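Examining the three-dimensional arrangement
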Amino acid sequence: MSTAHEMTTHGSGPFAVERRLLSVGEVAARLEHRLYASGETCQDVDEGCAYAVCHGLAGVVVLPGFVATAGARLAGTSVGLVTIPGWRSGGAVESLCTSALLAEAGSLADQGATDLGMLADADRLVADGGQRLVHDVSALVEAMQSRNVRVRVILDTDGLTPHAAATSCELLGSTGAWLVQGGSWRGARTGLSRIQLMRADCPMRWD
């Protein structure tokens with residue numbers, strides 16, 4: 001990849017964006033290393049963290065049970081540590097009451113987590129119009145501000161129509177989360193066309 005900063009414009013209307021060529025290092029600084037495969041060990045996580053540091057990646061994503069291991073390995077580096085309160089081995093995310101959510105989030109932050117996720121799937125978005133989810137994300141954002149820990153929402157687009165995904169972004173963007181991330185480990189990747197719709201309806205700043 002080139003290190004040039006040549007700007008080009010692609011698309012039109014609400015999806016018109018300026019793009020520039022990125023260096024390999026700039027691309028790496030936007031990538032996260034997923035370390036939650038079935039059978040992952042502490043040694044695997046430690047080696048994965050070392051890889052992320054060596055290549056200047058933005059962060060690593062681990063299950064809560066490995067946060068202490070990753071936190072110790074990443075301390076003092078620029079690599080972030082991402083996890084999800086309630087995320088359990090096997091991929092399931094336990095639905096926690098607000099107090100339990102905040103308690104687990106505080107413990108994860110103490111162990112070195114720098115970025116906490118909240119899963120938004122069709123079930124949680126349909127139940128009471130997503131209001132409990134919005135409340136919990138907002139509460140988590142507020143609780144983590146003093147710890148300098150960011151909060152993101154992982155929007156599982158499986159089972160959501162493009163319109164529902166876009167509407168969910170508008171709803172979740174009001175919580176103060178720094179990112180609404182399309183797709184999850186549980187289903188297919190979110191395509192570019194749906195990401196564009198989500199981006200257009202997400203009331204947040206884009207860098």
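Use the structure listed above.
Attention in this report is confined to the structure presented alongside it. (Residues numbered from 1 in each chain as written. Predicted model: local features only at pLDDT ≥ 70, side-chain atom pairs only at ≥ 80, totals over all residues. Heavy atoms only, no water.)

**Some points on the overall build of the chain**
- Along its length, the chain carries 8 helices and 8 strands.
- For the chain, buried positions account for 40% of its 207 residues.
- A separation of at least 24 residues holds for 63% of the contacts in the chain among residues at least 6 apart in sequence.
- Within the structure as shown, the chain displays about 11,000 Å² of accessible surface, and the carbon and sulfur contribution to it stands at 54%. (Helix = DSSP H or I, 4+ residues; strand = E, 2+ residues; numbered from the N terminus. Buried < 20%, exposed > 50% of the residue type's maximum accessible area, 1.4 Å probe, protein only. Contact = heavy atoms within 4.5 Å. Areas by Shrake-Rupley, 256 points an atom, 1.4 Å probe, with all protein chains shown as cover.)

**Some points on the packing of helix α2 (residues 42-55) against helix α3 (residues 67-74)**
- Where α2 contacts α3, the axes come no closer than 9 Å and their chain directions differ by 35 degrees. Relative to α3, the crossing made by α2 is right-handed. Contacts between α2 and α3 involve Cys-42, Val-45, Asp-46, Cys-49, Ala-50 and Val-53 from the first element and Thr-69, Ala-70, Arg-73 and Leu-74 from the second.
- Considered class by class, the residues forming the contact of α2 with α3 number 7 nonpolar, 1 polar and 2 charged. (Axes fitted to C-alpha atoms, helices over the stretch in contact; angles between N-to-C directions. Left-handed = near helix turned anticlockwise from the far one by under 90°. Nonpolar A, V, L, I, M, F, W, Y, C, P; charged D, E, K, R; others polar.)

**A few points about the pattern of salt bridges**
- Counted by the stated rule, this structure contains 8 salt bridges.
- Note that Asp-136 is salt-bridged to Arg-132, the shortest N-O span being 3.5 Å. Taken together, the positions of Asp-136 and Arg-132, both in helix α6 (residues 131-145) and 4 residues apart, correspond to about one turn of that helix.
- On the basis of relative accessibility, which here comes to 4%, the residue Asp-136 falls in the buried class.
- One network of salt bridges, with partners in common, ties together Glu-32, Asp-115, Arg-150 and Arg-152. (Salt bridge = Lys/Arg side-chain N within 4 Å of Asp/Glu carboxyl O.)

**Re α2**
- Compared with the 20 Å implied by 1.5 Å per residue over 14 residues, the 20 Å span of α2 between its first and last C-alpha is a close match.
- When we look at burial in α2, the residues that qualify are Val-45, Gly-48, Cys-49 and Ala-52. All buried residues of α2 lie within an arc of 100 degrees about the axis, which places them on one face of the element. The outward face of α2, more than 90 degrees from its buried face, is lined by the exposed residues Gln-43 and Cys-54. (Expected span 1.5 Å × (residues − 1). Arc of directions from axis to C-beta.)

**Quick look at unusual backbone geometry**
- Backbone geometry places Asp-128, a non-glycine residue, at a positive phi of 45 degrees.
- Positionally, Asp-128 belongs in the loop between α5 (122-126) and α6.
- One non-glycine residue, Asn-148, adopts positive backbone phi at about 60 degrees.
- On the accessibility criterion, Asn-148 (70% relative accessible area) is exposed.

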